[in-house]
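Spelled out from the first residue to the last, the chains are:
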Amino acid sequence: MPANNSIKKTLSLIENDATKVLGLDVGKHTNVQPGQYIPRADAQLPPKLSFRGLSPNTTYMVVGLDIDAPFPSFGVLGPILHWIQSDLQPTPSDSDSTTYDLKITAPFVANYIGPAPPPGSSPHRYIFFLYEQPVGFEGEKYAPPGGQKLGNMHRMRFDLDAWETKIGLGDIVATNYFASN
């Protein structure tokens, strides 16, 4: 399993600073709190993202991972990449003037896949990392050609630290996670 120091750092980040919790609406579950349980069937579409204090002139990117594959006690395949979405544009929220919703304005880099732990597994943690997108980032350079979906082999043992370095990501802006099985 890759070292993935960013995963360890992000879990600590939201435990110690509630202002860094990324807004997640997952299916019918709104304002998801860190670690909240979401049934698998409710999480098959990409979550809606929001956050306070974003710059309306900055573009953002989200990375979603399952850090417990195939089992929380035996994570040899993890983390599993569940989503990379670039070109997220902040737009003022209709419900709160201090919050911005993040609207998708480009094709995915890695298509979203919902939770799918193996039978008998305890809940997995699905973590979402929000970053400022590097200026000049071109998602199509890293995405499968022609809008194809990313295959499972390219998702297993995803090295978030290497991805951050490869494309020049800075610090994590916000993060959140839910549990599902």
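Please refer to the structure placed before this passage.
Residues numbered from 1 in each chain as written. Predicted model: local features only at pLDDT ≥ 70, side-chain atom pairs only at ≥ 80, totals over all residues. Heavy atoms only, no water.

Side note on the overall build of the protein
When you go through the protein residue by residue, the secondary structure sums to two helices and eight strands. Of the regular secondary structure in the protein, the N- to C-terminal order runs α-β-β-β-β-β-β-β-α-β. A compact globule built from 181 residues would reach a C-alpha radius of gyration of about 16 Å, and the protein, at 15 Å, matches this within 12%. Taking as baseline every contact in the protein between residues at least 6 positions apart, the subset at least 24 positions apart corresponds to 77%. (Helix = DSSP H or I, 4+ residues; strand = E, 2+ residues; numbered from the N terminus. Rg over C-alpha atoms; globule rule 2.2 N^0.38 Å. Contact = heavy atoms within 4.5 Å.)

A short note on the packing of helix 1 (residues 5-16) against helix 2 (residues 160-167)
Geometry of a packed helix pair, given as the angle between the helix axes and the separation of the axes. Where helix 1 meets helix 2, the axes come as close as 6 Å, and the angle between the chain directions of the two elements is 100°. In terms of their interaxial angle, helix 1 and helix 2 are classed as roughly perpendicular. Along its contact with helix 1, which presents N5, S6 and I7, the element helix 2 presents L160, D161 and E164. Looking at side-chain class alone, the contact of helix 1 with helix 2 contains two nonpolar, two polar and two charged residues. (Axes fitted to C-alpha atoms, helices over the stretch in contact; angles between N-to-C directions. Parallel < 35°, antiparallel > 145°, perpendicular 65-115°, else oblique. Nonpolar A, V, L, I, M, F, W, Y, C, P; charged D, E, K, R; others polar.)

Some thoughts on the sheet that holds strand 3 (residues 48-52)
Spatial strand order, 1-3-6-5-4-7-8-2: eight strands in an open sheet with mixed pairing. The sheet is open, and its two borders are formed by strand 1 (23-25) and strand 2 (36-37), each paired with just one other strand. Note that strand 1 and strand 3 share three bridges and pair antiparallel. Paired with L24 across the two strands is L49, which belongs to strand 3. Running at roughly 90° to strand 8 (residues 172-180), helix 1 makes contact with strand 4 (60-66), strand 7 (124-132) and strand 8 of the sheet. Across the face of the sheet, helix 2 comes into contact with strand 4, strand 5 (80-92), strand 7 and strand 8 while running at roughly 160° to strand 4. (Pairing = 2+ DSSP bridges.)

Without other data, these values stay purely geometric and don't point to any function.
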